[in-house]
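# Commentary on secondary and tertiary structure
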Amino acid sequence: MAGASSRVHYLSDFCCPLGGRAAGKPHVLRHDAEVFLSTGREFVYVYDQEGGLLTAVYQFPDQVWHLQLLATRRALYVLCARTGIYCLSLDSLDRSGSQACEDKEDETHPYPVIHVDPDACVLPDAALCAFTVLDDVLVTLAQGPTQWKMQLFECPHAGEEPRPGGQVGEVQLSTCTPPGGVPGEPTAPCFLPVLCCVFPPDSRAPHGHPQGCGCFMLEEALFGLLFGVDASLLQSPVVLCGLPDGQLCCVALKALVTSELAPGDPKVLVKILHHLEEPVIFIGALRAEPQEEEEEEAVRELLPVENVHSDCLVALGHQGRTLAIRASWSESGNLVPELREYYLPGPVLCAACGRDGHMYHSTPSDLCVVDLTRRDSTWNPEKPDGAIGSLPSTLCPASLNICSALALCVTARAPTGGTELLVLSSKGRLITCSLDLNPEAPVPTKMAVANAGQKIKELLLDIGDVSERVSFLKKAVDQRNKAITSLNEAMNVSCALLSSQEGDRPISCTITTSWSRLELRDMLMATCTLDNSSSFSLDQGWTLCIQVLTSSSALDLDGTGSAFTYTIPVDRLGPGSRREVTLPLGPSESGVLDLPVTMSCWLFYSLREVIGEALAPSDPLEVPYLEKLPLNLPKQEGVCLPLCKRTVDMLQCLRFPGVASHPAQAPSVPGPACDPVETFLKTCQGPGSEPTGAASLRAKYLPPSTASIRVSAGLLRAALEDGHSGFHLCSATLCWLLAENAAVDVLRAQALSSIQGIAPDGTDVNLIVHEVAVTDLSPAGPIQAVEIQVESSSLANMCRAHHAIIRRIKTMVTEQAAQGSSPPDLRMQYLQQIHANHQVSPSAWV
C-alpha cells in the first residue's frame, strides 16, 4: 500500500492475564475522550485519553467476555463469564469516592478500584456467551446443551431489578458442541460467538454507539440482497451471528419479536449466509466504493460514524479466511450479491474496519491493513444505485510494524482526515497509532535505462544471496532432521538392549578364538561377530569397542597387565546383518602370551559426533552470521551399551597335534619367529649335538611341574550327564574342560581321558583325568572322585592351566548350588589339616 505511514504513541500500561489471551478476549472502546477496555481478566478500565489518567477500575466477579457502551444513557453493559450481563452507570463514578479511597490503600492498585455489586447484574444467566444492545432491546446468545439459543429482551437500565419476564422473543440456532469439563459446572468455550446489528438505510439509525460496538448501516441494495424482501419492507434491524463452528447466520429482529408467545421456527427466522469452516472472529462493514474528494469530506464532516452507509460486509475467521460481500451487476444486468473469499495471514487475534475502505487485522507477529477499495477494473459510474463492477481479486496486507495486538478500535481524525487506532498489545500496553494512508502517493513514471540495469543487478544479487542462504538453511535443517532420526534410533536401540539383560538380545556379540598363520608365525586370533537381529539400523555415530586386557606374568607377582582398546566404526548395519572383526591376541615376538586375556565388547554412541555435526556450521567463513550462534553440545561424550565379556585362558589356547583328524591339518609347533642365522647354525650342528639353553636344561634335568585337582564324581556326573550322555565320566570331564577349544569335537569323537597339548610358547601341557577313591574325609566312607592332573615343563603354563580349571569348577559349583545340589558330609577339621600340610604343593580339593 503506497504512502502508508504511522506514528505510535504510548498511553498507559495494564496487566494482561498470565499465559496470554483467554477465551474472554480483550476489548477497547472509545467515546469522546474516554477509553473503556478489558484485558481478559475481571477488570474493566476507564481511561481519560486527553488527561492521560486512569479514572476508574471496575472489578467483576469473573472474567469479562464482552463490553458495549450506550453513550446516550451513559451506560456500560458488561458480559461476565458464568454470571450474566451487568449494567453500570458511568455517572456513579463520582458517587463511589468512599469505596475508592478504601481500595486505594492497597499499593498494588494506585487507582480507584470499584467492586461491582452482584445486584448490578441485570440479566443473570451462566450460559450467556455474547450480546448486543440497541436503544430499547437487548439481544443475547446462550449456549445450550446441544444448540445455540438467541433471545430478545427489553433493554434493562442501570439500577433495575433483573426481569426474566422481560423476554420478547427466542429462536434456536444451529447445533453446537458443548465444551468438555466437570459435569454440572459451566465451562468457558475456546472461542466466543460474535454478534452485531445491521440497520437498513431508511430506518431509525442507532444512537449513542461508538464505532466498534457492532452496529452499522448497509446500503439498500446490499441489505435487500442479503436479508430478503421481508426485512427490507419491515425496515427491521438484522442481527448477524458468527459462530465458533464457522457459520454466519442472521435473524430479523421484528420477526423475532412476533414470536413472543412461543419460540420461533428456526427454518423461518434463521438464515445462513455463509460457512467459513473456522471460528468467526470478527464481523464488520465498510465502504469499498471509492468516493470523490468533495463527497468524502462532506460525509466526514456532516455524518457521524454510525450513520455512514456501508456497501461491503466482511467476516474474518480465526485462521485468516476472509469473506467479503457486496452488491454487484451480473452479465444480464441484475443486482446480485458478490461473495469473495480471501486468505489473510493467521491466526487472527482481532480486527476492525475503518471508514476509508480499509480493514485492520492483527496476528501474533504483525498488525496489517488491507484496502478493499482497490479495483482490478475501471469503475463504471453510469450504473444505477452506485453499484460497482467487482471486489478486488486479491488482498495485499501492508504491515504497520506492531505485533501481538489483542484489541483494536478505529477512530477518524476530522481535521487531518487520517485514521487513529487504539491498540491494546499482548503485554498490556495501550498505544495509539496515527495512520496516513494515501493510495495516491506519487510514484516515478519513468526510470533511466542505466538505473534500471543497475537496479536489476542489485535485485539479482539479492536473490542470489537469499537463495544461497535458503540452500544453506535447508541443508542445516536436513542435518538436524537426520540427527533427530539418529537420536530416535539410538534411544530405541538403548531401550531394546537394556530391557533384555537376560535371554536372547536383539543385538549381540560373540567371541571365538582360533589359530592362524600370520607373517610366518602362528597367531591366536579372536573373532568378534556383531549380529543385528533387531528392527533398527546402526548408522552414523555407532562404534564397536573391544577391550583386550591381559593379565600380569605368572612369575612376576608385582607386575600389572596391559589393556588395549580397539574402536571399529559401525556403518550401516541394517536389520538382519552381521559384521566380523578379527584381532590378534599373541604370542608376541618373544613367544610369550600372558593368559588369561579378558575381552569386553560394547557399543558406543557418540552424541558429539551426531549432534555436533548438526549444530556446527559446515563453513563458518561463508556464513559468518552463524558464528555467534550458541552450540549447546552435550556434556556427556556418548552412551555405552555393554554387549558381552569373555575370558580366554590356557585351556582354550592349547593345540593337540597328535589328535588331528588329518595329518595335513596338523599345526606346526609354535615358537618364536625363526632367525635365519640361528636356523643355519642349527643345521650345521652334528647329529649327536644337543641343544643348549635354560629351557632345554630344565626340560632335561628337572621333572615336570604337576598340579592335581580332585572333584566329587557325583558333582561332575550331575553337571555333565545331560550334555555328555553315553560317555565315560573321565572323557566327559576332559571334553567339558576343553569345551571352548577348537579341537573339542575331535576329542569327543575319540573319547580320550588324557591328552598332550602344546602351549602358545611351544612347551608341552599334559592333562590326565582318572577316577580315584578318597578315604578319611567322610564319616560315611570313601568318596568317589575324579582327579584332574596337569603336567608341564613350564611352571608358568602349569599355573595358567591350573587357574583355568579352577575357574570352570567354581562356575559349575555355583550353578549346581543354585539348583539345590548339596555337597557330601565331610570331616572339615581333617580337611583343613590336609590343606595345611600341602601348602607347598599346588594341589586343591573341591
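Every chain's residues receive numbers from 1 upward, in the order its sequence appears when written. Restriction of local features to residues with pLDDT of at least 70 applies here, the model being predicted, together with a cutoff of 80 or more for giving and counting side-chain atom pairs; totals for whole chains, interfaces and linings are based on all residues. With hydrogens and water set aside, each side-chain value is computed from the structure's full complement of heavy atoms.

The name an unreviewed UniProt entry gives the chain is FA core complex associated protein 100, with Rattus norvegicus as the organism.

Turning our eyes to something else, we now look at the overall build of the chain. Assigned secondary structure in the chain consists of 15 helices and 43 strands. We call a residue buried when its accessible area falls under 20% of the maximum for its residue type, exposed when it is over 50%, and partly exposed in between, using a 1.4 Å probe and counting protein chains only. For the chain, with 846 residues in total, the buried portion stands at 45%. The contacts in the chain between residues at least 6 apart in sequence include a share of 64% that link residues at least 24 apart. By definition, any uninterrupted DSSP run of H or I lasting at least four residues is a helix, any uninterrupted run of E lasting at least two residues is a strand, and each is numbered from the N terminus. By the convention used here, residues are in contact when the closest approach between their heavy atoms is within 4.5 Å.

Take the pattern of salt bridges next. We define a salt bridge as a side-chain nitrogen of Lys or Arg found within 4 Å of a carboxyl oxygen belonging to Asp or Glu. One pass over the full model with this rule turns up 18 salt bridges. Of the charged contacts in the structure, one is a salt bridge between Glu338 and Arg340, with a shortest N-O distance of 3.1 Å. A salt bridge links Arg800 to Asp594, with the nearest nitrogen and oxygen atoms 3.7 Å apart. With Arg800 in helix 14 (residues 795–818) and Asp594 in the loop between strand 36 (578–586) and strand 37 (597–606), this pair connects stretches of sequence that are 206 residues apart. Overlapping salt bridges bring together Arg646, Asp649, Glu740, Arg807 and Arg808 as one network.

All right, on to the pairing of strand 20 (residues 280–286) then. For strand 20, a buried count of seven out of seven residues is recorded, marking the element as mostly surrounded by other parts of the structure. For two strands to be treated as a pair, DSSP must find at least two bridges joining them. In this sheet, strand 22 (residues 312–317) lies alongside strand 20 in antiparallel orientation, the contact comprising six bridges. Directly across from Ile283, in strand 22, lies its bridge partner Ala315.

Okay, the sheet that holds strand 10 (residues 121–124) next. Reading across the sheet, the four strands line up as 6-7-8-10 and stay open at both edges, with antiparallel pairing between neighbours. The open sheet has two edge strands, strand 6 (64–70) and strand 10, and neither has a second partner. Neighbour to neighbour, the strand axes of the sheet diverge by 20 degrees on average, direction disregarded. In this structure, strand 6 lies alongside strand 7 (residues 75–80), joined through six bridges in antiparallel fashion. Directly across from Gln68, in strand 7, lies its bridge partner Tyr77. Here an axis means a line fitted to C-alpha atoms, over the contact stretch when the element is a helix, while the angle between two N-to-C directions is reported on a 0 to 180 degree scale.

On to helix 12 (residues 729–737), then. Summarising burial for helix 12: nine of the nine residues are buried, a large majority. Within helix 12, the full set of buried residues consists of Leu729, Cys730, Ser731, Ala732, Thr733, Leu734, Cys735, Trp736 and Leu737.

With that out of the way, let us pick up unusual backbone geometry. A cis geometry characterises the amide bond from Gly586 onward to Pro587, with omega recorded as 0 degrees. Cis geometry is found at the peptide bond from Leu595 to Pro596, where omega equals 0 degrees. Along the chain, Pro596 turns up in the loop between strand 36 and strand 37. For Arg82, which is not glycine, the phi torsion reads 60 degrees and is therefore positive. Arg82 sits in the partly exposed class, given a relative accessible area of 28%.

Time to look at the sheet that holds strand 32 (residues 507–518). One open sheet accounts for three strands, arranged 32-33-36; its pairing is antiparallel. One side of each edge strand has no neighbouring strand; the edge strands of this open sheet are strand 32 and strand 36. The sheet shows a mean angle of 25 degrees between the axes of neighbouring strands, taken without regard to direction.

For the rest of this paragraph, the subject is the side chain of Gln49. The residue Gln49 is located in the loop between strand 4 (43–48) and strand 5 (53–59) in this model. For Gln49, a relative accessible area of 16% puts it in the buried group.

Taken together, Ile456, Leu459, Leu460 and Ile463 make up a surface patch of nonpolar side chains, about 400 Å² in accessible area. Accessibility expressed as a relative area gives 49% for Ile456, which makes it partly exposed. Like charges within 9 Å and nonpolar side chains (Val, Leu, Ile, Met, Phe, Trp, Tyr) within 5 Å are joined into patches, using only residues over 30% in relative accessible area that form no salt bridge. Computed with a 1.4 Å probe, the accessible areas rest on the Shrake-Rupley method; for each residue, only the protein chains presented here act as cover.

This next bit is on a negative patch on the surface. Judged by side-chain charge, Glu458, Asp462, Asp465 and Glu468 come together as a negatively charged surface patch. With respect to the helices, strands and loops of the structure, Glu458 is situated in helix 6 (residues 449–498). Note that His is not counted, nor are the chain ends; the positive residues are Lys and Arg, and the negative ones are Asp and Glu. Each charge is placed at NZ for Lys, CZ for Arg, CG for Asp and CD for Glu.

Turning our eyes to something else, we now look at the packing of helix 11 (residues 713–720) against helix 12. Between helix 11 and helix 12, whose axes approach to 11 Å, the crossing angle comes to 65 degrees. With respect to each other, helix 11 and helix 12 are oriented roughly perpendicular. Of the two elements, helix 11 crosses helix 12, and the hand of that crossing is left-handed. Together, Ala713, Leu716, Arg717 and Leu720 of helix 11 and Leu729, Ala732, Thr733 and Trp736 of helix 12 make up the contact between the two elements. The classification used treats Ala, Val, Leu, Ile, Met, Phe, Trp, Tyr, Cys and Pro as nonpolar, Asp, Glu, Lys and Arg as charged, and all other residues, Gly among them, as polar. For the contact of helix 11 with helix 12, the residue count by class is six nonpolar, one polar and one charged. Between 65 and 115 degrees an angle is taken as roughly perpendicular, under 35 as roughly parallel, over 145 as roughly antiparallel, and anywhere else as oblique. Note on convention: the crossing is left-handed when the near helix lies turned anticlockwise from the far helix by less than a right angle, right-handed when the turn is clockwise.

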